[in-house]
Structures are given as structure tokens and as C-alpha cells.
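Each chain, written out:
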Amino acid sequence: MNMQLDDNRRLRHFLSLEGLGYDALDRLLNRASEFSAEIGAPAVTTDAFRGRTVANLFFEPSTRTRASFELAARRLGCNVLNLDLNVSSTSKGETVLDTARTIAAMNVDALVVRHGDAGTQEMLARELPHVAILNAGEAHLNHPTQGLLDAMTIRQHFPDFRKLHIAIVGDIRHSRVARSAAQAFSQLGCGEIHLVAPRELQPDDEIPGELFTDMDAGVRDCDVVMMLRIQKERMQAGNIPDKKAYFEAFGLDARRLEFARPNALVMHPGPMNRGTEISDEVADGSQSVIWQQVNNGVAVRMAVLAELLENRN
Ligand code: CP
């Protein structure tokens, strides 16, 4: 059973994209497009959820996801509570469950949770069923709103996933972004997913896609090249790749982008390590949709929050 769904297959929590299926993804992406406004345009706002409260509980650092969830909740008319967990009770020995239960006891409707331990969000969903749990990043396993925003960005350029070849390149082993993106792309019917990584950064679990160790072959004729951040915080000090050697073998520069299709999209979830994963000219070039990904993140999070809050009316 997928524990994020109720008996009528409505979303009660948002924990993972795995097993959600085409219809649910399509519905969320369509709804996100209603909340979308181009960069520079006025934001879409509504008062539809006035009086509801969303709390951000980030036990790991974040810039994009935390800011994006906060804006999403405010633009839906919600109250927002941001907890600085570096100075919270957890540093005094309180368990994650007790911290979450404390906040949930203040009539909070949704908890947005990022945590480095696998299973934390699922445990909270089990223990606190009266509050919606949204996964904002879980160990190396799940980052479902990132997978959705990546799918939304691609769909704005290429509406039919069945024709697409998508390369996901870099530190796949430690990447929750790669796992959630590949789950989204495969359920949307993506033609081919290429998982491109050095042997030591290939996954040791099942991720939808075909493995490549040669970057030129991996990106050849692809419609999308999605670069990943090297997750140094999940590596032993001695295993962190040398920047120059990594860029030469797995970095995306203009020469290498030529192996992809001429109109290929360049993506990166951020934060980018320029000169290690991607060159300046490609990150800032005409094929880059990196800022569009950030822009879509707010719309996607509005869509997910709206659906969960409606399902709990
Ligand atoms: N892409 C992403 O999750 O970025 P943050 O770590 O800044 O939230």
C-alpha cells in the first residue's frame, strides 16, 4: 500500500513520487501550470487557504526548497512558520518525532520536512496522521517536489515525454534529485533515461534508466541534459573527486553539449558547483533552463500544498 494515499487514492501526504502513477503526476503538473508566472511577471496568489498553517522543519541546509515552500504557502494565503532547527530543541536531545509533534500540536495543517535520515518523513506520516507531511528532501532517496518541478520544466518545452531521451549526469549514487526525477520521467512515459556517472558514483539500488560511464555516449542525441551536484556531505573525505579531473570526465561544457540534440535543455537542481559540474558558459547559456526550474518550484509546491490541504478539509 502507498501510505501517502487514502482509501480513495487521494493524496494525504507527499512522501515520494514512486508509484504515484501518470494520472496523479499529470494532475499536479496541470495544477502547477495554473500557479505559474514567468520570471519578472507578478506572482499568482490566492486567499483560498487563508487560516491554514504550514510549518517548515528543515533538519538539513536548504536555500531553494525552503524559500520556495515558504513562498508557495504564503501565495496560497497560508500562515507560515519557519523553524531554525540549528537552535531548536533537537540540539538539546529532543527526538525528531517530539519536535514535529510539538509543532503539530499548535494546530498546524502541514509539516514540510527535510531530513538526512531515510524514513523520517514516512515515520512522521505514520505517527502524526492528522497533519499532512511533505517531503522536502530525504537522505539520498526522495525529493519529490524537485522531481515534479524538473518534469514541469521539461514539459513546458517538450509536451510529449514518450519521444524524449533524458541524460541525468553526475553523482547519482548520493542524489535524491536523480531518484525522484527518474521516477517522474519514467511514469510520464519517457522514451530513454540515461544515468551517466563514474563507476564509484553509480547507484547501488534500482533507478529507472540505463547506466553509462562515458559522458559523451551518455548525452549523445539527448533532448535534456540534467546535471547533478556532487554531494560531498554524503562522501568520505578521501572519496571526494578531484574537481579538475571530474570536470574533464563528467562536467558539461560547450564542447560536450554538442553531443546532445541542438535544442537540448540544460538543467541543474542547484546549488551549482561551477567549474566542477558545469561551465559558466553552459550554465548561463541560451539552452539553460536552470532559473526556470527555480521558478517552477514555487508553482509545483503551491499545487502539492493546495491538493493536500483540500484533501484534509
Ligand atoms: N535543489 C535543492 O534542493 O536545493 P536546496 O538544497 O537549496 O533546497
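One structure accompanies this document, and this report is about it. (Residues numbered from 1 in each chain as written. Predicted model: local features only at pLDDT ≥ 70, side-chain atom pairs only at ≥ 80, totals over all residues. Heavy atoms only, no water.)

## What to know about the pairing of strand β6 (residues 192-196)
Thought 1: Among the five residues of β6, four are classified as buried, and the element is accordingly described as predominantly covered.
Thought 2: Of the strand pairs in this sheet, strand β5 (residues 165-169) and β6 are connected by five bridges, and their pairing is parallel. When the sheet's bridge partners are listed, I166 is paired in β6 with I193.
Thought 3: The parallel pair β5 and β6 is bridged by helix α6 (residues 176-187), and the resulting crossover is right-handed.
Thought 4: By the bridge criterion, three bridges tie β6 to strand β7 (residues 210-212) in an arrangement that is parallel. Looking at β7, one finds that H194 is bridged to E210. (Buried < 20%, exposed > 50% of the residue type's maximum accessible area, 1.4 Å probe, protein only. Helix = DSSP H or I, 4+ residues; strand = E, 2+ residues; numbered from the N terminus. Pairing = 2+ DSSP bridges. Right-handed = clockwise from strand over helix to strand, strands pointing away.)

## Brief notes about a nonpolar patch on the surface
Thought 1: A cluster of nonpolar side chains, contributed by I39, W291 and V294, occupies part of the molecular surface with about 320 Å² of accessible area.
Thought 2: Looking at where I39 falls in the secondary structure, it is placed in the loop between α1 (22-35) and β1 (53-58).
Thought 3: What makes I39 exposed here is its relative accessible area of 59%. (Patch = residues over 30% accessible without salt bridge, like charges linked within 9 Å, V, L, I, M, F, W, Y side chains within 5 Å. Areas by Shrake-Rupley, 256 points an atom, 1.4 Å probe, with all protein chains shown as cover. Salt bridge = Lys/Arg side-chain N within 4 Å of Asp/Glu carboxyl O.)

## Here's the deal with the sheet that holds strand β9 (residues 265-267)
By definition, the strands of a sheet pair up through backbone hydrogen bonds, in either a parallel or an antiparallel sense.
Thought 1: The parallel open sheet is built from five strands, whose spatial order is β7-β6-β5-β8-β9. Single-partner strands in this sheet number two, and they are β7 and β9. For this sheet, the mean angle separating the axes of adjacent strands, direction not counted, is 20°.
Thought 2: Sheet analysis places β5 next to strand β8 (residues 224-227), joined by four bridges and oriented parallel. Across the sheet, the residue bridging to I168 is M226, located in β8.
Thought 3: Contacts from helix α5 (residues 144-157) reach β5, β8 and β9, with the element oriented near 165° to β9. (Axes fitted to C-alpha atoms, helices over the stretch in contact; angles between N-to-C directions. Contact = heavy atoms within 4.5 Å.)

## Some remarks on the packing of helix α2 (residues 64-75) against helix α11 (residues 290-311)
Thought 1: Following both chains from N to C, one finds α2 and α11 inclined at 50°, their axes separated by 8 Å at the closest point. In this view, α2 runs oblique relative to α11, as classed from their interaxial angle. The way α2 lies across α11 gives a crossing that is right-handed. Each of R64, T65, S68, F69, L71, A72, A73 and R75 in α2 lies in contact with α11, whose residues at this interface are V294, G297, V298, R301, M302 and L305. (Parallel < 35°, antiparallel > 145°, perpendicular 65-115°, else oblique. Left-handed = near helix turned anticlockwise from the far one by under 90°.)

## Side note on α5
Since the α-helix packs 3.6 residues into each turn, any two residues three or four apart lie on the same face.
Thought 1: A rise of 1.5 Å per residue sets the reference length of α5, with its 14 residues, at 20 Å; its end C-alpha atoms lie 21 Å apart and thus fit the reference within 8%.
Thought 2: With respect to burial, α5 is a largely interior element, 12 of its 14 residues being buried. (Expected span 1.5 Å × (residues − 1).)

## Some details on the packing of α5 against α11
Thought 1: α11 packs onto α5 with a crossing angle of 115° between their chain directions and a minimal axis gap of 8 Å. The way α5 lies across α11 gives a crossing that is right-handed. In this structure, α5 contributes T145, Q146, L148, L149, D150, M152, T153, Q156 and H157 to the contact, and α11 contributes Q292, Q293, N296, G297, A299, V300, R301 and V304.
Thought 2: Grouping the amino acids of the contact of α5 with α11 by side-chain chemistry returns six nonpolar, nine polar and two charged. (Nonpolar A, V, L, I, M, F, W, Y, C, P; charged D, E, K, R; others polar.)

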